[in-house]
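Chain by chain, the residues:
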Amino acid sequence: MRTLLLVGGVDDTAVAAKELGLRVLLLQHPTKITERQRQVADVVEVLDYTDWTLTAPVVTRLHQRWRIDQVVSLTEPGLDIAARARDLLGLDGTSYPVSRRFRDKLAMRRHLVSRDAEAVAAAPLRDFDDLRAFGLRHGYPFVVKPTAATASIGVFRVDDPSGHEAVWEQVCRLRGTRTDRVSTLLVLDDFLMEEYVHGREFSVETFSFAGRHVVVTITEKMTDPGHFAELGHAVPARLTEDAWDRVGECVGTFLDHLGFTDGPCHTEVRLSGTRARIIEGHHRYGGDAIPELVRAVYGIDLDRLAVGWPFRLVDPLPDSPAPRGAGCVRAVVGPPGRVLSVEGVQEAARQPDVLAVRISARPGDEVRPLRDNWDRLGLVAVTGPTVVAAAQRGARLVDEFIRIRIRDDRGAEHLARVAEVHQLTGAVG
């Protein structure tokens, strides 16, 4: 029996590995372990796996006992650790240097600029004067964000010099803090500045097979120009054939530049005029129920591919799959205040065409102004014959079943609602 070391992740990943006949050794953080994972995995080690000084001796001990054949992680905090473990054990797969090119966004920008003079410019943000210098050199607006984080947390748009002070204050407040409120295991430390790319945003789910990159789907993002929170996702993106090809080619070149050859990737792209431009990339699949959309619309299980391909237990995809209908994720939001009650979640999940209902809000929780993904109260994922129909179905599901009561600071009560979006108007070219 071949042995997989799985670093972090969700229940579905461990289940997929066991269904493929693998021995599963799971490293899981104390705040993330579930009873299902304990039941499925052959060996469970509970520790702060994000600390390599703690994890390295555990990996060595497990390898001496079980002979680890491959290491996989599909969760952001585990990606570098999995790469280090592969390097330690001399295994094939994404190495630590390649992993860092993805996870360190400044390193990624510098690497791309070294290969493409027209790539998005970026620079480290170390002190207040750096903001002025970047604006003078590259113009406005520009973006400030952490070098290693997810879910749009700590991302700011600087429109002109008058915004320097407010952004610098936020950066100083966030530096060195753990992102505990967002249920991740990351620390906000270094920040960077980068050029702002105008245009509609998409994310691209790919799977790479020995250097051959297959676009599984392109996801249409629903956003608001006032912040960076994602308000929804729809597959397949309503792009013209030419635009779809341009986005796919851009992502393939990006993965080649970073030296990535095998496994899933989630790459964010903006169509700026006729050109696709990279925003950032992650060598894992996307969150926000995107894997559920992929499974429903394309019949592809990204977990099974991710744990099976390193052992060649699954066949490579010959080409981009054809969709069977469409799927949509809609975010649930509410006004600032405090949650009084949450009802209707289980009933909503039982409705036809519903893939997932994930409500994070709990009675007593603070509802913050919408700035990043973790200020949302939850999401629903549904299917439909078209993107527009699926988006409408998701909105009706929230309206008819989800009841999250919120009291604002004036004592007035409100119901949470589906986030409004304004991008459902036709194909993008």
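Look above for the structure.
Since we're looking at a predicted model, the values are computed, not measured.

Rules of the game
- Residues numbered from 1 in each chain as written.
- Predicted model: local features only at pLDDT ≥ 70, side-chain atom pairs only at ≥ 80, totals over all residues.
- Heavy atoms only, no water.
- Helix = DSSP H or I, 4+ residues; strand = E, 2+ residues; numbered from the N terminus.
- Buried < 20%, exposed > 50% of the residue type's maximum accessible area, 1.4 Å probe, protein only.
- Lys, Arg positive; Asp, Glu negative; His and termini not counted.
- Salt bridge = Lys/Arg side-chain N within 4 Å of Asp/Glu carboxyl O.
- Polar contact = N/O pair within 3.5 Å; in protein donor to acceptor, adjacent residues only side chain to side chain.
- Contact = heavy atoms within 4.5 Å.
- Right-handed = clockwise from strand over helix to strand, strands pointing away.
- Pairing = 2+ DSSP bridges.
- Core = buried A, V, L, I, M, F, W, Y, C linked by side-chain atoms within 4.5 Å.

Undergrad: Would you take a moment to explain the side chain of arginine 23 for this structure?
TA: Following the sequence through the fold, arginine 23 ends up in strand β2 (residues 23–28). For the buried arginine 23, no salt bridge is present, and the opposite-charge side chain at shortest range is aspartate 42, 5.6 Å distant. Within the structure, arginine 23 has its side chain in polar contact with the side chain of threonine 3 (distance 2.7 Å). The contacts of arginine 23, once residues within four sequence positions are left out, are Met1, Arg2, Thr3, Leu4, Lys18, Asp42 and Trp66.

Undergrad: Whenever I open this one, the pairing of strand β1 (residues 3–7) confuses me. Can you help?
TA: Within a regular strand, the side chains alternate between the two sheet faces. Taken across its five residues, β1 has five buried, putting it largely inside the fold. Residues Thr3, Leu5 and Val7 of β1 are buried on one face, and the alternating residues Leu4 and Leu6, pointing to the opposite face, are buried as well. In this fold, β1 hands off to helix α1 (residues 11–19), which returns the chain to β2; that crossover is right-handed. In terms of strand pairing, β1 meets strand β4 (residues 70–72) through three bridges, oriented parallel. What sits directly across from leucine 4, in β4, is glutamine 70.

Undergrad: It is not clear to me how the sheet that holds strand β21 (residues 403–407) should be interpreted in this structure. Could you clarify?
TA: Hydrogen bonds between backbone atoms are what pair the strands of a sheet, whose relative direction is either parallel or antiparallel. The four strands are arranged β19-β17-β21-β22 in an open sheet whose pairing can be described as antiparallel. Strand pairing shows two members of the sheet lacking a second neighbour, β19 (366–367) and β22 (413–415), which therefore form its edges. One ladder, built from five bridges, connects strand β17 (residues 337–343) with β21; its direction is antiparallel. For glutamate 343, the partnering residue across the bridge sits in β21 and is arginine 403.

Undergrad: It is not clear to me how the nonpolar core should be interpreted in this structure. Could you clarify?
TA: General note: in soluble globular proteins, nonpolar side chains tend to be found buried as a group. Membership of the largest hydrophobic core comes to 39 residues, with the highest contact counts inside it found for Leu4 and Ile300. Those elements giving two or more residues to this core turn out to be β1, α1, β2, β11 (200–209), β12 (212–222), α10 (290–298), α11 (302–308) and β20 (378–384). Looking at this core element by element, the count peaks at five residues for α10. With near-sequence residues (within four places) excluded, isoleucine 300 lies in contact with Val216, Val294, Arg295, Leu305, Leu317 and Pro321. Core analysis: the second largest hydrophobic core is formed by 32 residues, Ala234, Ala326, Ala361 and Leu377 among them.

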